Amino acid sequence: MNHGASGPCVWTVKVLTLFPEMFPGSLGHSLAGKALENGVWALETVDIRGFARDKHRSVDDAPFGGGAGMVMRPDVLDAALAAAAGRPGDDGRGRVLYLSPRGRVLDQTLVKELAATPVVTILCGRYEGVDERVLEAQALEEVSLGDFVLSGGEPAALCLIDAVVRLLPGVMGNEATAGEESFERGLLEYPHYTRPAVWTDAAGVERPVPDVLLSGHHERVRAWRLAEAERITRARRPDLWSLHEARREAPVKKRGRRRAPSDEDRSAERRTEDKG
């Protein structure tokens, strides 16, 4: 099933799933939904059962070697992937992903890569997973949302698509907003405040907005926001903070590194000494 207007300039995502009715789901609402309706991006769902080879439309079977659960069949998935995305190396294939707990963890860097890829195909697994051979034959990229397990790939696909769609031109109301969000500078986002300027909570405690945000001094506000983003990142995500510190120190080390003298430099120095 197709949603939105497709075309050579439209970012298109194809989702292979046993439950096509789960899409567009939340993606049909708010900014993503308006963008889908306006043809900024397109969504195609492919029902994997349509490629089953028996009258029962079976897509899974018992695992070799024994064990609990069922495994999605490679012949069925291969046919579905070939119909949706073609074969590895085909023109216009784009990137083909399999959502799996053992994959590369989705981060903002990968989201930007996918937003710059005209066509992305996503395979949503179910049961115990998919036959390893189809992952190899189709050269699928495995991507994970994190160290937890979902009942299937569909909820993860919705999250991934939402993260990508909001980066497409014309989707966000204020394009500058995206540049200040968490992870854009390698930091978590700074705190936000709105009216009232002083809010009294249920315990009767008055909670005022930080004075700097009421000052009207843009440079001071910018400096406060950066300091808060650094403080929060350092306290809550030491892994991100370490990467941020390394990136910040790298240019300093590069500028401070002296180039080793070449043979030409040494020859020039000797000529200068001989003249002296």
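Refer to the structure above for everything that follows.
All figures in this text were calculated on a predicted structure; none of them were measured in a lab.

A. Unusual backbone geometry, seen in detail. Here the residue pair F23 and P24 is connected by a cis peptide bond, since its omega of 5° sits within 30 degrees of zero. Checked against the element boundaries, P24 lands in the loop between β2 (11-17) and α1 (30-37). Of note, the amide linkage connecting R195 to P196 takes the cis form, showing an omega dihedral of 0°. Within the element layout of this structure, P196 appears in the loop between α6 (175-178) and β9 (198-200). We note that S30 has phi near 55°; this positive angle belongs to a residue other than glycine. As for its placement among the helices and strands, S30 is situated in helix α1. The exposed category is assigned to S30, whose relative accessible area is 57%. The backbone phi angle of Y127 is positive, close to 60°, even though this residue is not glycine.

B. Layout of the environment of T200. When you line up the elements, T200 lands in strand β9. Judged by relative accessible area, which is 41%, T200 ranks as partly exposed. Not counting the four nearest positions on each side in its chain, T200 is found in contact with V205 and E206.

C. Layout of the nonpolar core. Among the nonpolar cores identified, the biggest contains 31 residues, and W11, V13, W41, I122, L160, I161 and V165 are the most heavily contacted of them. Elements supplying a minimum of two residues to this core: β2, α1, β3 (41-47), β6 (95-105), α3 (108-115), β7 (119-123) and α5 (153-165). Looking at this core, the element that brings in the most residues is α5, giving eight residues. Among the nonpolar cores identified, the runner-up in size contains 20 residues, and L16, M72, Y98 and L123 belong to it.

D. A look at the packing of aromatic side chains. The final tally for this structure, using the stated rule, is two aromatic pairs. For the pair W11 and W41, a centre-to-centre distance of 6.4 Å together with 45° between the ring planes defines the contact as tilted. Here the residue W11 occupies a position in strand β2, and W41 occupies one in strand β3, the gap between them amounting to 30 residues. Under the relative-accessibility criterion, W11 is labelled buried at 6%. Where Y193 meets W224, the ring centres are 6.4 Å apart and the plane angle is 55°; that geometry is what we call tilted. Residue Y193 is found in the loop between α6 and β9, and its partner W224 is found in helix α7 (residues 218-236); the two are separated by 31 residues along the sequence. The class for Y193 is partly exposed, based on a relative accessible area of 44%. On the basis of relative accessibility, which here comes to 18%, the residue W224 falls in the buried class. Just above the ring of W241 sits the side chain of R234; from NZ or CZ to the centre is 4.9 Å.

Criteria and cut-off values
Residues numbered from 1 in each chain as written. Predicted model: local features only at pLDDT ≥ 70, side-chain atom pairs only at ≥ 80, totals over all residues. Heavy atoms only, no water. Helix = DSSP H or I, 4+ residues; strand = E, 2+ residues; numbered from the N terminus. Buried < 20%, exposed > 50% of the residue type's maximum accessible area, 1.4 Å probe, protein only. Contact = heavy atoms within 4.5 Å. Core = buried A, V, L, I, M, F, W, Y, C linked by side-chain atoms within 4.5 Å. Phe/Tyr/Trp six-rings, centres within 6.5 Å; stacked < 30°, edge-to-face > 60°. Lys NZ or Arg CZ within 6 Å of the ring centre and 35° of its normal.

By themselves these figures say nothing about function.
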